[in-house]
Amino acid sequence: MSEPGREPLRIGLLGAARITERSLIDPARATGHRLVAVAARDRARAGAFAAGHGVERVAGSYAELVADPEIDVVYNPLANGLHGPWNLAALAAGKHVLSEKPSASNTQEATEVRQAAREAGTVFMEAFHYLFHPVTRRLHELLDSGELGALRHVEAMVAIAAPPDTDPRWSLPLAGGALMDLGCYSLHALRMLAPWAGGAPRLAGARGGERAGAPGVDEWLDADLEFPGGATGSARCHMAYDGLEMSIRIVGSRGEATAPNFVLPQLDDRIVVRTAEGERTERLGTRSSYTYQLEAFAAAVRDGAALPLDADDAVTTMALIDDCYRGAGFEPRPRTRS
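The residue count restarts for each chain, going from 1 along the sequence in the order it is written. Note on the predicted model: pLDDT of at least 70 is required for a residue's local features to be given, and 80 or more for side-chain atom pairs to be given and counted; whole-chain, interface and lining totals, by contrast, use all residues. In computing side-chain properties, one takes all heavy atoms of the structure into account and sets aside hydrogens as well as water.

Novice: In this structure, what is going on with the side chain of His129? I would like to understand it.
Specialist: Mapped onto the elements of the fold, His129 is located in the loop between strand S6 (124-126) and helix H6 (134-145). The exposure class of His129 is buried, given its relative accessible area of 0%. Among the polar contacts made by the side chain of His129, one reaches the side chain of Tyr185 at a distance of 3.1 Å. In what follows, a contact means two residues having at least one pair of non-hydrogen atoms within 4.5 Å. With residues up to four places along the chain from it excluded, the contact list for His129 reads Tyr185, Val263, Leu264, Ser289, Tyr290 and Gln293. To qualify as a helix, a DSSP run of H or I must reach at least 4 residues; to qualify as a strand, a run of E must reach at least 2; elements of each kind are numbered from the N terminus. Partly exposed describes any residue whose relative accessible area lies between the buried limit of under 20% and the exposed limit of over 50%, with all areas from a 1.4 Å probe on protein chains only and scaled to the type maximum. Contacts described as polar in this section are N or O atom pairs within 3.5 Å, which, within protein, must combine one atom able to donate a hydrogen with one able to accept it, while residues neighboring in sequence count only if both atoms come from side chains.

The following block contains the structure:
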């Protein structure tokens, strides 16, 4: 629950997305923050969502919600192409913003979001929730301790079964594609290894496949990365896969560590470590990564606590996404007008 004597965050929800129950509503209940309002393009749907999830009221529109003086935090889980426009609108209204990833449709728009965040002076964060869970923190500790030796190679794969053809993730005008929805996790996880790899990775090559019936939209994409220190990386994603895979494997000169589900560690909290001394399995806990994320975000809003994610990080990730699209023969996602 919220700390005694501390004011809860007053959160407004853009849209009535299915992910919101897991990503924001349950964590807000667990940590004692208020769900002040929700807005959706279909007001009846927003009303049903509010009634079903304990949101205090319904706002008449997205614009009404971001302008609401009772709201201090806006959560943006809209379709990818609507992240940029509504992040910009919320920041212009002086709100703190927790945005689903990616922060925008392309690097130019992400750069505008970064500038808006600077001008607003509020907290802006892309919701790479995995980074706050003990599973990822432990992977970094294993590298830091030297147990795995020097980083040599890392491979991440994030894949799901195909959403319906009508899903906005297959829509080019809404900035859809496997890389936008899934591969951003793979790329981000590799980017976060820069401290143990001599610096940030660069793209060495990329390949991808187009979704049948969805011109310009990637069904899968594989990216090869190189780090300044000589390590290599593979960041893969697939949005029409036979099942679910969200794994990362880190290989060092003395051993390796694998997390079978680094994106949703609450479903599988294992890390398997293999060295010359043998193999062991560590379990890091099934508390939701989204709850850890909301706690960190609240600490930044309330107390100015440092965050590992900010608008600068979002621009860097978006630039790498655009590079991967170009490298695989696709165009970066077009800007969507709200």
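Moving on from the model shown.
Novice: Is there a simple way to explain the packing of helix H5 (residues 107-120) against helix H9 (residues 311-327) in this structure?
Specialist: At a minimum axis separation of 9 Å, H5 and H9 run at an interaxial angle of 175 degrees. Here H5 is positioned roughly antiparallel relative to H9, judged by the angle of their axes. For the pair formed by H5 and H9, the contact residues are Thr107, Ala110, Thr111, Arg114, Ala117 and Arg118 on the first element and Ala311, Asp312, Val315, Met318, Ala319 and Asp322 on the second. Note on definitions: angles span 0 to 180 degrees between N-to-C directions of axes, and those axes are lines fitted to C-alpha atoms, for helices only across the stretch in contact. When describing relative orientation, an angle under 35 degrees is termed roughly parallel and one over 145 degrees roughly antiparallel, while 65 to 115 degrees is termed roughly perpendicular and anything else oblique.

Novice: Would you explain the pairing of strand S14 (residues 278-283) in this entry?
Specialist: Regular strands place their side chains on alternate faces of the sheet. A pair of strands is considered paired only if DSSP assigns at least 2 bridges between the two. Examined bridge by bridge, strand S13 (residues 270-275) and S14 share six bridges and lie antiparallel to one another. From the neighbouring strand, Thr275 faces S14, where its bridge partner is Gly278. Joining the antiparallel neighbours S13 and S14 is a turn of two residues.

Novice: Help me out: how do you make sense of the side chain of Asp68 in this one?
Specialist: Within the secondary structure layout, Asp68 lies in the loop between helix H3 (62-67) and strand S4 (73-76). Apart from the residues lying within four places of it in its own chain, the contact partners of Asp68 are Arg57 and Lys95.

Novice: Mind showing me how you'd approach the environment of Leu221 here?
Specialist: The residue Leu221 is located in strand S9 (residues 218-226) in this model. When sequence neighbours within four positions are dropped, the list of residues in contact with Leu221 reads Leu179, Ala206, Arg207, Gly208, Ala235, Arg236, Cys237, Cys324, Tyr325, Ala328 and Phe330.

Novice: Explain the sheet that holds S13 to me, please; I cannot follow it from the model alone.
Specialist: Sheet strands line up and pair through hydrogen bonds in the backbone, either parallel or antiparallel. Pairing is mixed across the open sheet formed by eight strands, whose spatial order is S8-S9-S10-S7-S11-S12-S13-S14. The two strands at the open ends of the sheet, each matched to only one other strand, are strand S8 (202-210) and S14. Ignoring strand direction, the axes of neighbouring strands in this sheet form an average angle of 10 degrees. Sheet analysis places strand S12 (residues 255-259) next to S13, joined by four bridges and oriented antiparallel.

Novice: How should the pattern of salt bridges be read in this particular structure?
Specialist: Oppositely charged side chains are able to pair whenever their charged atoms sit close together. One side-chain nitrogen of Lys or Arg within 4 Å of one carboxyl oxygen of Asp or Glu is enough to make a salt bridge. Under the criterion given, the structure shown has 32 salt bridges. Between Arg118 and Asp312 there is a salt bridge whose closest N-O contact spans 3.1 Å. Here Arg118, found in helix H5, pairs with Asp312, found in helix H9; they are 194 residues apart in sequence, far enough to count as distant. For Asp312, a relative accessible area of 34% translates into the label partly exposed.

Novice: Got a minute to help me understand unusual backbone geometry in this structure?
Specialist: Cis rather than trans, the peptide bond between Lys101 and Pro102 has omega equal to -15 degrees. Along the chain, Pro102 falls in the loop between strand S5 (96-99) and H5.

Novice: Explain the packing of aromatic side chains here, please?
Specialist: Any pair of aromatic rings gets described here by the distance separating the centres and the angle formed by the planes. To pair, rings of Phe, Tyr and Trp, with the six-membered ring standing in for Trp, must have centres within 6.5 Å; the planes then decide the type, stacked if under 30 degrees apart, edge-to-face if over 60, and tilted in the middle. All told, the structure shown has six aromatic pairs when counted by the stated rule. Relative to Trp86, the ring of Tyr62 lies with its centre 5.4 Å away and its plane at 80 degrees, an arrangement referred to as edge-to-face. Note that Tyr62 is positioned in helix H3 and Trp86 in helix H4 (residues 83-92), a separation of 24 residues in sequence. Judged by relative accessible area, Tyr62 falls into the buried class, the value being 9%. Using a relative accessible area of 11% as the deciding quantity, one classes Trp86 as buried. Measuring from centroid to centroid gives 6.3 Å for Phe128 and Tyr130, while their planes differ by 85 degrees, and the two rings are edge-to-face. Given a relative accessible area of 1%, Tyr130 falls into the buried group.

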